[in-house]
Amino acid sequence: MQVIDAHVHFWQLEQGNQPWLERPSPNLLGDYSPMAHDVGPAELRRQRGDIELLGAVHVEADAVDPVQETRWLATLDDAGHPPLPSALVIGADLSAPEAARTLEEQLEHSEKVRGVRQILNVHEDPHFDYVGRHYMSEPAWRDNFRLLARHDLSFDLQIYPSQMAQAAALAAEHPDTRFLLNHAGMYVDRQGVKGWRAWRDGLRELAARDNVAVKLSGFGMLDHHWTVGSIRPLILEAIDAFGVERSLFASNFPVDGLYARYADIWHAYAEIVADASPDERRALFVDNARRLYRLAPHT
């Protein structure tokens, strides 16, 4: 089973760049202390089971110093084939006065940089709230967002359904920037029909923008006991909204490894889309990641 994993995280704790891992405190992930150790390409290869990795996209891992994180990732000496990671989605605080310089420094460190992620999740329940501020409403953040198009960088969009309308408007304002919605839009409010409708309708509002794609990943973050049956409606709804050509699977390694083995995640995806054509499956598992993150043809 061949895949390009479009969402993985690596870290080295001795750098002191991920304090949230040095002192684990249960949150929406539950007890995440089992992943509070160094994680790199070798660990990913050990856990892959029967999955043939054709490449992997590293997404920033909430580092205190994103420039240091990119510098470290650029020095990883991975002897595997293909070398991992294949592309980098770097971290940057677009609300900061030094945002322009931060991006320039990271681009200088690695030719693999393809995009930026700044987590935007805001929720009225503190248990689910990530950042406590509405970045998309801040003038400085919105001004600096223009830097992405200048550098030909995509934006990994991590939000909740309540933020989808605003994110769709942002995508409309920046038609030359590619957006990749993380973790299928994080269907968080699961009590009753209202939460489902907000997620479903928000997906379609985002999907109406041609420059937005969806990553089908991270299902264990909000459903620690997921099954093929529980994630099937989410995956099929997202694919129905965005179409096969703008949907791609990813593992969220090692975070979703808290809830399932790496290979089991991929085989669950394969079971859910078993009725798709060979070309459609190839798009979902390999080709869309290669195209959207501009990976080398042989990746």
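Definitions and cut-offs
Residues numbered from 1 in each chain as written. Predicted model: local features only at pLDDT ≥ 70, side-chain atom pairs only at ≥ 80, totals over all residues. Heavy atoms only, no water. UniProt positions renumbered as here; feature names shortened; annotations may be inferred. Helix = DSSP H or I, 4+ residues; strand = E, 2+ residues; numbered from the N terminus. Rg over C-alpha atoms; globule rule 2.2 N^0.38 Å. Buried < 20%, exposed > 50% of the residue type's maximum accessible area, 1.4 Å probe, protein only. Contact = heavy atoms within 4.5 Å. 1 Å grid on protein atoms, 1.4 Å probe; cavity = no way out; pocket = protein on both sides within 12 Å on 5 of 7 lines; lining within 4 Å. Points joined across faces, edges and corners; volume = space filled by probe spheres on them. Salt bridge = Lys/Arg side-chain N within 4 Å of Asp/Glu carboxyl O. Pairing = 2+ DSSP bridges. Axes fitted to C-alpha atoms, helices over the stretch in contact; angles between N-to-C directions. Core = buried A, V, L, I, M, F, W, Y, C linked by side-chain atoms within 4.5 Å. Phe/Tyr/Trp six-rings, centres within 6.5 Å; stacked < 30°, edge-to-face > 60°. Polar contact = N/O pair within 3.5 Å; in protein donor to acceptor, adjacent residues only side chain to side chain. Nonpolar A, V, L, I, M, F, W, Y, C, P; charged D, E, K, R; others polar.

Identification of the protein chain as Amidohydrolase domain protein from Halomonas elongata is taken from an unreviewed UniProt entry. UniProt lists a comment for the protein chain under the heading Sequence similarities (unreviewed entry), and it reads "Belongs to the metallo-dependent hydrolases superfamily."

Draft legend 1. Structural detail: the overall build of the protein chain. Tallying secondary structure elements over the protein chain gives 11 helices and 8 strands in all. The C-alpha radius of gyration of the protein chain comes to 18 Å, within 12% of the 19 Å expected for a compact globule of 299 residues. For the protein chain, the spread of C-alpha atoms along the principal axes amounts to about 45 × 45 × 40 Å. Expressed as a percentage of the 299 residues in the protein chain, the buried residues total 56%. Here the analysis covers contacts within the protein chain between residues at least 6 apart in sequence; of these, 80% occur between residues at least 24 apart.

Draft legend 2. Structural context of empty space enclosed by the protein. Following the criterion strictly, the structure yields 3 cavities of 30 Å³ or more and no others. The computed volume of the largest cavity comes to approximately 70 Å³. In terms of lining, the largest cavity is formed by His183, Ala184, Met186, Tyr187, Arg190, Trp199, Ser217, Gly218, Phe219, Leu222 and Leu234.

Draft legend 3. How the structure looks around the pattern of salt bridges. Per the stated rule, a full pass over the model turns up 16 salt bridges. Measuring nitrogen to oxygen at the nearest pair gives 2.9 Å for the salt bridge that ties Glu237 to Arg204. Pair noted here: Glu237 is in helix H9 (residues 228-242) and Arg204 is in helix H7 (residues 193-207), with a separation of 33 residues, a long-range link. With its nearest N and O atoms 3.5 Å apart, the salt bridge here joins Asp287 to Arg282.

Draft legend 4. Focus on the sheet that holds strand S6 (residues 179-181). Strand order in the open sheet formed by 8 strands is S1-S2-S3-S4-S5-S6-S7-S8, and the pairing between neighbours is parallel. At either end of the open sheet lies a strand with only one pairing partner, and these are strand S1 (2-8) and strand S8 (247-249). Put simply, the sheet's adjacent strands are angled 25 degrees from each other on average, direction ignored. Sheet topology note: the S1/strand S2 (residues 52-59) ladder contains 5 bridges and is parallel. Its bridge partner lying in S2, Val3 is registered against Leu53.

Draft legend 5. Representation of the nonpolar core within the structure. Core analysis: the largest hydrophobic core is formed by 103 residues, its most contacted members being Phe155 and Leu206. The residues contacting Leu206, other than those within four sequence positions of it, are Leu157, Ile159, Met164, Ala167, Ala168, Leu181, Val212 and Phe242.

Draft legend 6. Quick peek at the packing of aromatic side chains. Summed over the entire model, instances satisfying the criterion amount to 18 aromatic pairs. A centroid spacing of 5.0 Å and a plane angle of 55 degrees characterise the contact between Trp196 and Trp199, whose relative ring orientation is tilted. Here Trp196 pairs with Trp199, and both are found in helix H7, just 3 residues apart, close to one helical turn. With relative accessibility at 23%, the residue Trp196 sits in the partly exposed group. With 6.0 Å between their ring centres and 90 degrees between their planes, Phe253 and Tyr262 make a pair best called edge-to-face. Taken individually, Phe253 and Tyr262 each receive the classification buried, so the pair is uniform in this respect. Put simply, the rings of Phe219, Phe249, Phe253, Tyr262, Trp266, Tyr269 and Phe285 pair up and form one aromatic cluster.

Draft legend 7. Highlighting the side chain of Asn182. Note that Asn182 resides in the loop between S6 and H7. At 3.2 Å, the side chain of Asn182 forms a polar contact with the side chain of Arg117. Non-local contacts of Asn182, meaning those with residues more than four positions away in its chain, are made with His7, Arg117, Asp156, Leu157, Gln158 and Lys215.

Draft legend 8. The arrangement of the environment of His9 in detail. Tracing the sequence through the fold places His9 in the loop between S1 and helix H1 (19-22). Spatially, the C-alpha atom of His9 lies 9.5 Å from that of Leu44, the residues being 35 residues apart in sequence. If we skip the residues at most four places from it in the chain, His9 touches Val39, His58, Val59, Glu60, Ala61, Arg117, Asn252, Phe253, Pro254 and Val255.

Draft legend 9. View of the layout of surface pockets. Space inside the largest pocket adds up to approximately 850 Å³. In this structure, the largest pocket is lined by 36 residues; those nearest its centre are Glu60, Asp62, Ile119, Tyr130 and Val131. When residues of the lining of the largest pocket are traced back to their parent elements, those giving at least two are helix H3 (66-75) and helix H4 (99-109). Taken together, the residues that form the lining of the largest pocket break down as 20 nonpolar, 9 polar and 7 charged.

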